[in-house]
Amino acid sequence: MSDLVPPEQYLQQIQSALAYLENELPRSHLSPKSLIICGSGLGGLSSLLQDAIDIPYSSIPNFQTSTVPGHEGKLSFGFIGSNRVAVVCMVGRLHFYEGYTFQETTFPIRVLSKLGVETLVVTNAAGGVRPGFKPGDLMVIWDHLNIPGFAGYHPLRGPNLAEFGVRFQPLSDAYDLKLRQLFFRKCKELQISRSVHEGTYFYASGPTFESRAEVRAIHLMGGDAVGMSTVPEVIVARHSGLRVLALSLITNAAVIEYPPSGMDEQHVDMAEGIASHAEVLEYANEASKDVERIIEAVVNDF
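About the thresholds
- Residues numbered from 1 in each chain as written.
- Predicted model: local features only at pLDDT ≥ 70, side-chain atom pairs only at ≥ 80, totals over all residues.
- Heavy atoms only, no water.
- UniProt positions renumbered as here; feature names shortened; annotations may be inferred.
- Salt bridge = Lys/Arg side-chain N within 4 Å of Asp/Glu carboxyl O.
- Helix = DSSP H or I, 4+ residues; strand = E, 2+ residues; numbered from the N terminus.
- Buried < 20%, exposed > 50% of the residue type's maximum accessible area, 1.4 Å probe, protein only.

By the naming in an unreviewed UniProt entry, the protein goes by Purine nucleoside phosphorylase and is assigned to Wickerhamomyces pijperi. Taken from UniProt, the Catalytic activity (unreviewed entry) comment for the protein reads in full: "a purine D-ribonucleoside + phosphate = a purine nucleobase + alpha-D-ribose 1-phosphate". Under Function (unreviewed entry), UniProt gives the following word-for-word description of the protein: "The purine nucleoside phosphorylases catalyze the phosphorolytic breakdown of the N-glycosidic bond in the beta-(deoxy)ribonucleoside molecules, with the formation of the corresponding free purine bases and pentose-1-phosphate. Cleaves guanosine and inosine."

Now the structure itself:
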C-alpha cells in the first residue's frame, strides 16, 4: 500500500494549513519573502526577528511535530535587518528518520510557498568528511548527493503536483550562485574569522551516524559533509520555484580511518572521535552567533 497521500487530498491539506495561517496572522506578517529553516542547535536564528509572532506546528492543520532535541517545532513570522525583510523561520525541522514521509517533512515548504515565500535559506549541522574540515567550520552547499533518492525514496515520487512545478525537475542549478556570492561577500564585510568553505552535501537518511566504511565511501563519491536533512527540502523548494541558499555547520569530523584490528593486542580507544548529538548541539551553539550575523546580513539584502 502506498504511503503517499493522493494529490487532491494533499492539495486540500495545504489549503487548510494556508487558511489557518491567513486567519491567525495580521496582514503585516502575511507575505514573508524568505523562509529560514533552523538546523540542530541553530534555533537562535529566530531571535533575529523583529515583531515576531510564533505559531506552534501542533496548532497548524496537517503539520507534524518535531521530536528531536534542539528542534523546538514552531513557525516564527517577523522581520530581519534594517530593511525589515519579511521572513518566516522554521524553528525545528521534520526528518524522514522520525517516521514521517517526505510529503510530511516537506509539507511546510509547500504551504509557505503558497504564502508568497520566494527564497529558502536552509541550515544544518553536518559531519565533516573532506580532509581538513574541523568542528566550527562553515560550508556553503553548492551541490548534493541524494542517496535515498538513488534507491527510490524521493520527495517528488508519485503524481506530479503540476501547480507547483514540472514532472522532471532539474537540479544542476539547485544552489543559487548569486546567493552564494552574496554570502561570501557578507562574510568578508563582517570579517568572519572562522573557516568558510564550499562543498557537496551528502544526504543519508539516518538516524545512525555513519560507519567508518560509509564515511570512506562518501568521501570517494565526492561528499564533503554528511547529514540527515536539507536535500528533500531543497528539492521541494526548487520544485516550488524557490531560490535556495544552504549552509552546513561542521560539528564533528567524521571518522574515516579503518578500525583497529582484533589481531592487534594493543589497547586502542574505539570511542576516540565518535560522534554524538550532544557534540552537534555544543558546536552549533558555539558557532551560532557568527551564523546569525551572516544570515541577518544576507537576508537584509534580499
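Draft legend 1. Structural view of the pattern of salt bridges. Inspection of every chain in the model, using the stated rule, returns 15 salt bridges. Here Glu189 ties to Lys186 by a salt bridge, and the two come within 3.3 Å at their closest N and O atoms. Of this pair, Glu189 and Lys186 both sit in helix 5 (residues 177-189), three residues apart, which is roughly one turn of that helix. Using a relative accessible area of 54% as the deciding quantity, one classes Glu189 as exposed. A relative accessible area of 10% means that Lys186 is categorised as buried. Taking the shortest distance from any N to any O, the salt bridge between Arg293 and Asp290 comes out at 3.7 Å. Placement of the pair is Arg293 and Asp290 together in helix 8 (residues 277-300), with a separation of three residues, close to one helical turn. Taking the relative accessible area as the measure of exposure, Asp290 reaches 15% and is therefore buried.

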